[in-house]
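# Observations on the model geometry
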Amino acid sequence: MEEGRKANSASFAVLPIFGTSQSSPAWRPGVSPLKRAVAVKKDPEVLWGSSVGRWRTSLRELKDVSIAEEDGDFQRGAQGGSVAKALLSDGSFHVRAVTRNPRKRAARELARLGAEVVKADLERPESLRLALDGASAIFLVTDYWELGDKEREVTQGKAVGDLAKKVGVRHVVFSGLEDVNRLTGGRLQVSHFDGKGEVERHLRHISLPATCLRMPSYFENFIEHFRPQPEPRGGYRLEIPMADIPMDGMSVEDLGPVVVTILKNRSEYIGKDIGLSAERLTIQQYAEISPEEYEKLPFPGAQDLANMFRFYRMRPERDLNLTRRLNPVVLGFEEWLSRNLHHFADL
């Protein structure tokens, strides 16, 4: 375990490539937290991480660290911002933010918080050498949804891994996921999972000291992708085809402290695959939709997401206790919801 804020001048690089209470009159045992929140919001007597831009950032403990994040919605463009802010807040790291456009508001905001901003592009891995040179660790996130192409995502992830190996990076923290196609013998294809699984295998194949984190479904997805839909007869419906099988969740904002803990305790977590989860909830009656119905919904990626839910029904490994050990203040769903009720003001 690496203890002490001034133990050495090790460097880290990060490269990401996306309220209610029981006293409330709306509280009813057995009713979902989201339904309770909507009910509370509508009761007249009851009052009720931002996207950070396209990042390639690097970190050095008491020297330099690099972090990268994609611009986008909650599915893309949030992880790097969470990690960058947590590292800056911790005070043990100097953060180097690597962006395709240093003039973007997000880049300027990180600079204001103390990050060094460097221009680079993940599409040209050679441009990342400055961000990685001298860094002892990297946080890497690839983004299938921004690219819309699994092979490009895999190519980018492998290229960064190869470069990290070449310049002698001592620890890569990769935001990966399972290769569902491989695990199910080709029965399910979940492109935005499968590519990350392929990158995970490559990092192991080249013997790069790595920790692979596997985020569960973001709580933030309820704001947009899984937003409650009004029912003709009143009430709301969540289009999440999980039946009575619990689904793991976590706020993307809670990823940052997890990465800080891992970077400070590298020897304990190198070589580990860690499935994260803040809470495991059952969707129950208000999510009465099947994967077969979900894949017919009229939006790009419906098939891929339907297969993701089929995989979630297989209960992939996500460790609630280890997540809380890595981030003791991780939010449960109700806590997260109580802080984000303003996003549901139109319901």
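Thresholds, definitions, all that
Residues numbered from 1 in each chain as written. Predicted model: local features only at pLDDT ≥ 70, side-chain atom pairs only at ≥ 80, totals over all residues. Heavy atoms only, no water. UniProt positions renumbered as here; feature names shortened; annotations may be inferred. Helix = DSSP H or I, 4+ residues; strand = E, 2+ residues; numbered from the N terminus. Buried < 20%, exposed > 50% of the residue type's maximum accessible area, 1.4 Å probe, protein only. Areas by Shrake-Rupley, 256 points an atom, 1.4 Å probe, with all protein chains shown as cover. Pairing = 2+ DSSP bridges. Right-handed = clockwise from strand over helix to strand, strands pointing away. Core = buried A, V, L, I, M, F, W, Y, C linked by side-chain atoms within 4.5 Å. Polar contact = N/O pair within 3.5 Å; in protein donor to acceptor, adjacent residues only side chain to side chain. pLDDT = per-residue confidence, 0-100. Contact = heavy atoms within 4.5 Å. Axes fitted to C-alpha atoms, helices over the stretch in contact; angles between N-to-C directions. Parallel < 35°, antiparallel > 145°, perpendicular 65-115°, else oblique. Left-handed = near helix turned anticlockwise from the far one by under 90°. Salt bridge = Lys/Arg side-chain N within 4 Å of Asp/Glu carboxyl O. Nonpolar A, V, L, I, M, F, W, Y, C, P; charged D, E, K, R; others polar.

As annotated in an unreviewed UniProt entry, the protein chain carries the name NmrA-like family domain-containing protein 1 and is attributed to Polypterus senegalus. The UniProt entry for the protein chain carries the following text under Sequence similarities (unreviewed entry): "Belongs to the NmrA-type oxidoreductase family."

The next point concerns the overall build of the protein chain. Of regular secondary structure, the protein chain possesses 14 helices and 14 strands. Burial status across the protein chain gives 56% buried among its 347 residues. Accessible area of the protein chain: about 15000 Å², with a carbon and sulfur share of 48%.

Take the sheet that holds strand S9 (residues 217-218) next. Judged by pairing direction, the sheet is mixed, and its three strands sit side by side in the order S9-S12-S14 without closing on themselves. The open sheet terminates on both sides in strands that have one partner only, identified here as S9 and strand S14 (279-281). Both S9 and strand S12 (residues 247-250) contribute to a ladder of two bridges, which runs parallel. When the bridges of S12 are listed, Tyr 218 appears paired with Met 250.

As paired elements, strand S4 (residues 93-99) and strand S5 (residues 116-119) share four bridges and run parallel to each other. If you follow Arg 96 over to S5, its bridge partner there is Glu 116. The parallel pair S4 and S5, bridged by helix H3 (residues 105-113), forms a crossover whose chirality is right-handed.

Further remarks concern the nonpolar core. Core analysis: the largest hydrophobic core is formed by 61 residues, its most contacted members being Leu 213, Ile 240, Leu 276 and Phe 309. Sorting the residues of this core by element identifies helix H2 (79-90), S4, strand S6 (137-141), S12, helix H9 (255-264), helix H12 (302-312), helix H13 (320-326) and helix H14 (333-339) as the ones contributing at least two each. One finds Ile 138, Ala 164, Val 199 and Cys 212 within the second-largest nonpolar core, a separate group that totals 21 residues.

Residue placement: Arg 227 occurs in the loop between S9 and strand S10 (229-230). Side-chain polar atoms of Arg 227 contact the backbone oxygen of His 343, separated by 3.0 Å.

Time to look at the confidence of the model for the protein chain. Mean pLDDT for the protein chain: 75, with 73% of residues reaching 70 or above. Note that pLDDT drops below 50 for residues 1-63; the model gives that stretch 261 contacts with residues more than four away or on any other chain.

What follows concerns the packing of H2 against H9. The geometry of H2 relative to H9 is characterised by a closest axis approach of 7 Å and an angle of 60 degrees between their N-to-C directions. Here H9 runs oblique to H2, going by the angle between their axes. Crossing geometry of H2 relative to H9 is assigned as right-handed. Touching Gln 79, Ser 82, Val 83, Ala 86, Leu 87 and Asp 90 of H2 are Leu 255, Gly 256, Pro 257, Val 259, Val 260, Leu 263 and Lys 264, all from H9.

A complete count under the given rule lists 13 salt bridges for this structure. With a closest N to O distance of 3.7 Å, Lys 150 and Glu 151 form a salt bridge. Overall, the relative accessible area of 25% leaves Lys 150 in the partly exposed class. For Glu 151, a relative accessible area of 45% translates into the label partly exposed. The closest approach of N and O atoms between Asp 248 and Arg 280, which form a salt bridge, is 2.8 Å. Highlighted residues: Asp 248 in strand S12 and Arg 280 in strand S14, separated in sequence by 32 residues. Classification of Arg 280 by relative accessible area gives partly exposed; the value is 38%. One continuous salt-bridge network, built from bridges that share partners, spans Glu 178, Glu 200, Arg 204, Arg 214, Asp 273 and Arg 318.

For the pair helix H6 (residues 150-167) and helix H8 (residues 191-205), the least separation of the axes is 9 Å and the interaxial angle reads 25 degrees. By the criterion of interaxial angle, the relationship of H6 to H8 is roughly parallel. For the crossing formed where H6 meets H8, the hand is right-handed. Taking contact as the criterion, the partners of Lys 150, Glu 153, Val 154, Gly 157, Lys 158, Gly 161 and Asp 162 in H6 are, on H8, Ser 191, Asp 194, Gly 195, Lys 196, Glu 198, Val 199, His 202 and Leu 203. When the residues that make up the contact of H6 with H8 are grouped by side-chain class, the tally is three nonpolar, five polar and seven charged.

This part covers the pairing of strand S7 (residues 171-176). For S7, the tally of buried residues reaches six of six residues, placing the bulk of the element in the interior. Of the two faces of S7, the one holding His 171, Val 173 and Ser 175 and the one holding Val 172, Phe 174 and Gly 176 are both buried throughout. Looking at chain direction, S7 and strand S8 (residues 210-214) are connected through five bridges and run parallel. Looking across to S8, one finds that Val 172 is bridged to Ala 210.

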